[in-house]
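What follows is the residue order along each chain.
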Amino acid sequence: MTAITLDGVATATAIKNELRERIEALAARGIVPGLGTLLVGEDPGSISYVSSKHRDCAEVGIRSIPVELPATASEAEVRSAVAGLNADPSVTGYIVQLPLPKGIDENAILELIDPAKDADGLHPTNLGRLVLGVEGDLHSPLPCTPAGVVELLRRHDVPIAGKHVVIVGRGLTVGRPLGLVFTRKGIDATVTLTHSRTVDLPTEVRRADIVVAAIGVPHFVKAEWIKPGAAVLDVGVTRVGMTDSGKARLHGDVDPAAKEVAGWLSPNPGGVGPMTRALLLSNVVDAAERQSA
Ligand SMILES: Nc1nc2c(c(=O)[nH]1)N[C@@H](CN(C=O)c1ccc(C(=O)N[C@@H](CCC(=O)O)C(=O)O)cc1)CN2
């Protein structure tokens, strides 16, 4: 068996095309959505992700408001940059790119974001609404990678309701919120959230209809752990060495041999990463529509 590719690039392109129509409708009312980003330090991955996010904005007609601070910035300077983004009327939504440099309290910074401008869905109010199952008019942003994972599965007609999902990794941006998203009413999966102290991980993963690997250890999830026909989403990424062109090589969390066992597999790069970015744009457009309603 060779797995069907869960193509994040093509799926993200389809989402961006849908968003363009909503952005044009906003423009007709004189509203231009704006994405702010706060990047602190010189982490190569973060620099690359933030610049891709602004490239995406230019593609669809969202204004970019990038803010950068050096790695030596104090927590007070980071707090002040967040206050500036909260106050800037051109910023419809914004993100604080994670991780922040050591010594800066990430949770304290996330709490300072205006929940109405939280394009990442990581403010405690928005995570709390996810736990409460608040939807409808008050619908708040979902964290981008979890929303991207579910959208990638849906748009490839992978069955989710009633299926057993095993998530490897309990981080803030993926594992923890993804467990909540998969168990929402209407999505209805059953979730096992595993982590570094899980006993007998291979046995847990072998029980999964859907496996999500989000730990950031290259090729950690082995092909032998995958139930034949399962859907496998490779989220974690590690930058390894340099190619001749001076770029780092990217390694996902899933053993490449998994493609011979899985029913569906997301490539890495080209799978969940582009979906994370597309769902970020979608959160910004949602916020612009909510703010102008
Ligand atoms: N504030 C946030 N920080 C971080 C998040 C997040 O959701 N919010 N998630 C990750 C990184 N991330 C988003 O910022 C992210 C990861 C990957 C990609 C992406 O497009 N990857 C490409 C490859 C890009 C490359 O060459 O480096 C792919 O997979 O094809 C975008 C965003 C941590 N921080």
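Quick notes on the rules
Residues numbered from 1 in each chain as written. Predicted model: local features only at pLDDT ≥ 70, side-chain atom pairs only at ≥ 80, totals over all residues. UniProt positions renumbered as here; feature names shortened; annotations may be inferred. Helix = DSSP H or I, 4+ residues; strand = E, 2+ residues; numbered from the N terminus. Contact = placed C-beta atoms within 7 Å. Expected span 1.5 Å × (residues − 1). Buried ≥ 20, exposed ≤ 12 C-beta atoms within 10 Å, placed from the backbone. Arc of directions from axis to C-beta. Axes fitted to C-alpha atoms, helices over the stretch in contact; angles between N-to-C directions. Parallel < 35°, antiparallel > 145°, perpendicular 65-115°, else oblique. Left-handed = near helix turned anticlockwise from the far one by under 90°. Nonpolar A, V, L, I, M, F, W, Y, C, P; charged D, E, K, R; others polar. Pairing = 2+ DSSP bridges. Near = placed C-beta within 6 Å. Domains from an automatic or database assignment. Core = buried A, V, L, I, M, F, W, Y, C linked by C-beta atoms within 7 Å.

## What to know about the UniProt feature "binding site: NADP(+)" (unreviewed entry) in the chain
Part 1 of the reasoning: UniProt annotation of "binding site: NADP(+)" (unreviewed entry) refers to Gly169, Arg170, Gly171 and Val237 when read in the numbering used here.
Part 2 of the reasoning: With respect to the helices and strands, the residue Gly169 is situated in the loop between strand E5 (164-168) and helix H7 (175-182).
Part 3 of the reasoning: Ignoring anything within four residues of it in the chain, the contact list for Gly169 reads Val174, Gly175, His195, Ala214, Ile215 and Gly236.
Part 4 of the reasoning: Structurally, the position occupied by Arg170 is in the loop between E5 and H7.

## Examining helix H3 (residues 75-87)
Part 1 of the reasoning: Spanning 13 residues, H3 covers 18 Å between terminal C-alpha atoms, matching the ideal 18 Å at 1.5 Å per step.
Part 2 of the reasoning: Of the positions making up H3, those classed as buried are Val78, Ala81, Val82 and Leu85. Looking down the long axis of H3, one finds its buried residues gathered within 100 degrees of arc, a one-sided arrangement. Exposed residues pointing more than 90 degrees away from the buried face of H3 are listed as Ala76, Ala83 and Ala87.
Part 3 of the reasoning: Where the residues of H3 are buried, they touch strand E2 (34-40), strand E3 (63-69), strand E4 (93-96) and helix H4 (106-112).

## Concerning the packing of helix H1 (residues 8-28) against helix H9 (residues 272-291)
Part 1 of the reasoning: For the pair H1 and H9, the least separation of the axes is 9 Å and the interaxial angle reads 15 degrees. Judged by the inter-axis angle, H1 sits roughly parallel to H9. Between H1 and H9 lies a crossing whose hand is left-handed. Taking contact as the criterion, the partners of Gly8, Val9, Thr11, Ala12, Ile15, Lys16, Leu19, Arg22, Ile23 and Leu26 in H1 are, on H9, Val272, Gly273, Pro274, Met275, Arg277, Ala278, Leu281, Ser282, Val285 and Ala288.
Part 2 of the reasoning: The residue makeup of the contact of H1 with H9, split by class, is 13 nonpolar, four polar and three charged.

## Looking at H9
Part 1 of the reasoning: A rise of 1.5 Å per residue sets the reference length of H9, with its 20 residues, at 28 Å; its end C-alpha atoms lie 28 Å apart and thus fit the reference within 8%.
Part 2 of the reasoning: The buried count for H9 comes to 17 of 20 residues, which makes it a mostly enclosed element.

## With respect to the pairing of strand E7 (residues 210-213)
Part 1 of the reasoning: What you see with E7 is no split at all: Ile210 and Val212 on one side and Val211 and Ala213 on the other are buried throughout.
Part 2 of the reasoning: Alignment of E5 against E7, held across four bridges, turns out to be parallel. Considered in E7, the bridge of Val165 is made with Ile210.
Part 3 of the reasoning: In this sheet, strand E8 (residues 231-234) lies alongside E7 in parallel orientation, the contact comprising four bridges.

## Remarks on the site of the ligand
Part 1 of the reasoning: Taken together, 19 residues surround the ligand, and among them Ser48, Tyr49, Leu98, Pro269 and Gly273 come closest.
Part 2 of the reasoning: Sorting the residues of the shell around the ligand by element identifies helix H2 (44-60), E4, helix H6 (144-154) and H9 as the ones contributing at least two each.
Part 3 of the reasoning: Taken domain by domain, the shell around the ligand gets at least three of its residues from each of domain 1 (30-115) and domain 2 (144-274).

## Concerning the sheet that holds E2
Part 1 of the reasoning: Strand order in the open sheet formed by three strands is E3-E2-E4, and the pairing between neighbours is parallel. Bordering the open sheet on either side are E3 and E4, each of which pairs with just one other strand. Sheet twist, expressed as the mean angle between neighbouring strand axes with direction ignored, is 15 degrees.
Part 2 of the reasoning: Here seven bridges tie E2 to E3, and the two strands are oriented parallel to one another. Bridge pairing links Thr37 to Pro66 in E3.

## A look at the domain arrangement of the chain
Accessible area lost upon the coming together of the parts serves often as the stated size of an interface.
Part 1 of the reasoning: Parsing the chain into structural domains produces domain 1 (30-115) and domain 2 (144-274).
Part 2 of the reasoning: A separation of 27 Å is found between the C-alpha centroids of domain 1 and domain 2.

## Some remarks on the nonpolar core
Part 1 of the reasoning: Residues Val211, Val212, Val232 and Ala262 are the most contacted members of the largest nonpolar core, which totals 76 residues.
Part 2 of the reasoning: Per-element tally for this core: the top contributor is H9, with 10 residues.
Part 3 of the reasoning: Domain assignment of the residues forming this core places at least three in each of domain 1 (30-115) and domain 2 (144-274).
Part 4 of the reasoning: Setting aside its immediate chain neighbours within four residues, Val211 contacts Val166, Val205, Val221, Ile226, Ala230, Val232 and Leu233.

## Topic: the packing of H2 against H9
Part 1 of the reasoning: The geometry of H2 relative to H9 is characterised by a closest axis approach of 10 Å and an angle of 55 degrees between their N-to-C directions. Relative to H9, H2 is oriented oblique. Remark: the crossing between H2 and H9 carries right-handed chirality. For the pair formed by H2 and H9, the contact residues are Ser52, Lys53, Asp56 and Val60 on the first element and Arg277, Leu280 and Leu281 on the second.
Part 2 of the reasoning: Partitioning the contact of H2 with H9 into residue classes produces three nonpolar, one polar and three charged.

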